[in-house]
Amino acid sequence: MSDNLQFFLLIHENCFPTRISCDLVYAMSKEYKESDIAGYQADGTPISEDTLSKRVLAASKRVKSGDFISEEEVEQEVQNWQE
């Protein structure tokens, strides 16, 4: 039995008295599970699993190569903004 079907049956048995509600929940769960969206950018734009993975790997390479700024450098930059 698929995860979606198990979820559907659980909801049907315990939460929703009508078939329409069950169908709606099932459709939503199926869409969620099949979605490629792994997260969202600050502006609300979806990020796919593939894009997120590539961004994480690129950031990891930058950090390992020393291409980052320290907390102290960030604090100094903020102080410069305030002057």
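Residues numbered from 1 in each chain as written. Predicted model: local features only at pLDDT ≥ 70, side-chain atom pairs only at ≥ 80, totals over all residues. Heavy atoms only, no water.

Chemist: Quick question: what am I supposed to make of helix α3 (residues 49-64) here?
Modeler: Note on helix geometry: an α-helix contains 3.6 residues per turn, so any two residues three or four positions apart are oriented the same way. The end-to-end C-alpha distance of α3 is 22 Å, a good match for the 22 Å that 16 residues give at a rise of 1.5 Å each. Directly after α3, the chain includes Gly-66, whose backbone phi takes a positive value near 85 degrees. (Helix = DSSP H or I, 4+ residues; strand = E, 2+ residues; numbered from the N terminus. Expected span 1.5 Å × (residues − 1).)

Chemist: Help me understand the confidence of the model for the chain, please; the structure alone is not making it clear to me.
Modeler: Regions with low pLDDT should not have their predicted coordinates read in detail. Here the chain shows a mean pLDDT of 78. Residues at 70 or above account for 63%. Ranking the elements of the chain by mean pLDDT puts helix α2 (residues 19-34) last with 65 and α3 first with 90. (pLDDT = per-residue confidence, 0-100.)

Chemist: In this structure, what is going on with the side chain of Ser-48? I would like to understand it.
Modeler: Relative to the helices and strands, Ser-48 resides in strand β2 (residues 46-48). Looking at Ser-48, its side chain comes within polar contact range of the side chain of Thr-51, at 3.0 Å. For Ser-48, the contacting residues outside a window of four places in its chain are Asp-36, Ile-37 and Ala-38. (Polar contact = N/O pair within 3.5 Å; in protein donor to acceptor, adjacent residues only side chain to side chain. Contact = heavy atoms within 4.5 Å.)

Chemist: So what exactly am I meant to see when it comes to the pattern of salt bridges here?
Modeler: Working definition: two side chains of opposite charge can pair if their charged atoms are close together. One pass over the structure, following the stated rule, counts 1 salt bridge. Between Lys-54 and Asp-50 there is a salt bridge, with its nearest N and O atoms 3.2 Å apart. Taken as a pair, Lys-54 and Asp-50 lie in helix α3 at a separation of 4 residues, close to a single helical turn. Of the residues examined, Lys-54 reaches a relative accessible area of 53% and is grouped as exposed. (Salt bridge = Lys/Arg side-chain N within 4 Å of Asp/Glu carboxyl O. Buried < 20%, exposed > 50% of the residue type's maximum accessible area, 1.4 Å probe, protein only.)

Chemist: Got a minute to help me understand a negative patch on the surface in this structure?
Modeler: Taken together, the side chains of Glu-71, Glu-72, Glu-73 and Glu-75 make up a negatively charged region of the molecular surface. Note that Glu-71 resides in helix α4 (residues 71-82). A relative accessible area of 56% places Glu-71 in the exposed class. (Patch = residues over 30% accessible without salt bridge, like charges linked within 9 Å, V, L, I, M, F, W, Y side chains within 5 Å. Areas by Shrake-Rupley, 256 points an atom, 1.4 Å probe, with all protein chains shown as cover. Lys, Arg positive; Asp, Glu negative; His and termini not counted. Charge placed at Lys NZ, Arg CZ, Asp CG, Glu CD.)

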